[in-house]
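# Descriptive structure summary
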Amino acid sequence: MKRHIPGLHSRQQDHENLLEGLFLVRVDAASYRWHPQKPFLSVRFVVLEPEPFAAQSLSGRLYCTERALWKLNWFLRDFGYDPDLLSQDQVDEKALLNLRGVLRTSHLTLNGRSFQNLEAFAPAAEWEELSCQVAGGTGEQRSGDDL
């Protein structure tokens, strides 16, 4: 079966499609990907707010290595993942769908490839407060733990 994929022939990377900043998002898709050294959870988000970015999507990886489990746990907790499943060390891809939360992103270019970096997470209930701080331009440098 043939599929038409616009832009496939272009060898130029489009850095304008990478979203950077603070967004209220919904999990649109999630799947576990096994890799010998770095298994990961691939997550696709749909932006809900701010309005100019609404309906755009972005994807990222949450690694499942022992050193990176803190970040996966942070994501699951702040996005309201089922605490019973979390306490049993289980990730149900279907239970992740439609979870909402705040996501701070950036992008990293390494060896000519651009990657979406999922920097920080917060519960969706904190969106108003966090978006006002960013819009207000407090100018403070904040660590990922402050989000």
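None of the values given here were measured: they were computed from a predicted structure.

## Let's talk about unusual backbone geometry
The general pattern is negative phi for most residues beyond glycine and trans for most peptide bonds. Cis peptide bonds are those with omega within 30 degrees of zero, and the linkage from Glu-49 to Pro-50 qualifies with 5°. In this structure, Ala-55 takes a positive phi of about 80° despite not being glycine. Within the secondary structure, Ala-55 sits in the loop between strand 2 (40-49) and strand 3 (57-63). Assessed through its relative accessible area of 63%, Ala-55 is described here as exposed. The backbone phi angle of Asn-111 is positive, close to 55°, even though this residue is not glycine.

## Focus: the packing of aromatic side chains
Taken as a whole and assessed by the stated rule, the structure comprises 9 aromatic pairs. Pairing Phe-79 with Phe-121 gives two aromatic rings, centres 6.1 Å apart and planes at 80°, and the pair type is edge-to-face. Within this pair, whereas Phe-79 is found in the loop between helix 1 (69-78) and helix 2 (83-87), its partner Phe-121 is found in strand 5 (residues 113-123), the two being separated by 42 residues in sequence. Like Phe-79, the residue Phe-121 is buried in the burial classification. One aromatic cluster is present, formed by Phe-45, Trp-70, Trp-74, Phe-75, Phe-79 and Phe-121 through successive ring pairs. The ring of Tyr-63 carries the charged tip of Lys-38 above its face, separated from the ring centre by 5.1 Å.

How each quantity is defined
Per chain, the residues get numbers from 1 upward, laid out in the order the sequence is written. In view of the model being predicted, local features appear only for residues whose pLDDT reaches at least 70, and side-chain atom pairs are presented and counted only at 80 or more, with totals across whole chains, interfaces and linings using the full set of residues. Side-chain measures here rest on the full set of heavy atoms in the structure, leaving out hydrogens and waters. Runs of E in the DSSP output that reach at least two residues are strands. Runs of H or I that reach at least four are helices, and both are numbered from the N terminus. The rule is simple: take the accessible area with a 1.4 Å probe, protein chains only, and divide by the maximum for that residue type; under 20% is buried, over 50% is exposed, in between is partly exposed. What counts as a ring pair is set by centres within 6.5 Å for rings of Phe, Tyr and Trp (its six-membered ring), and what kind of pair is set by the plane angle: stacked under 30 degrees, edge-to-face over 60, tilted for all other angles. Charge over a ring is defined by NZ of Lys or CZ of Arg lying within 6 Å of the ring centre and within 35 degrees of the ring normal.

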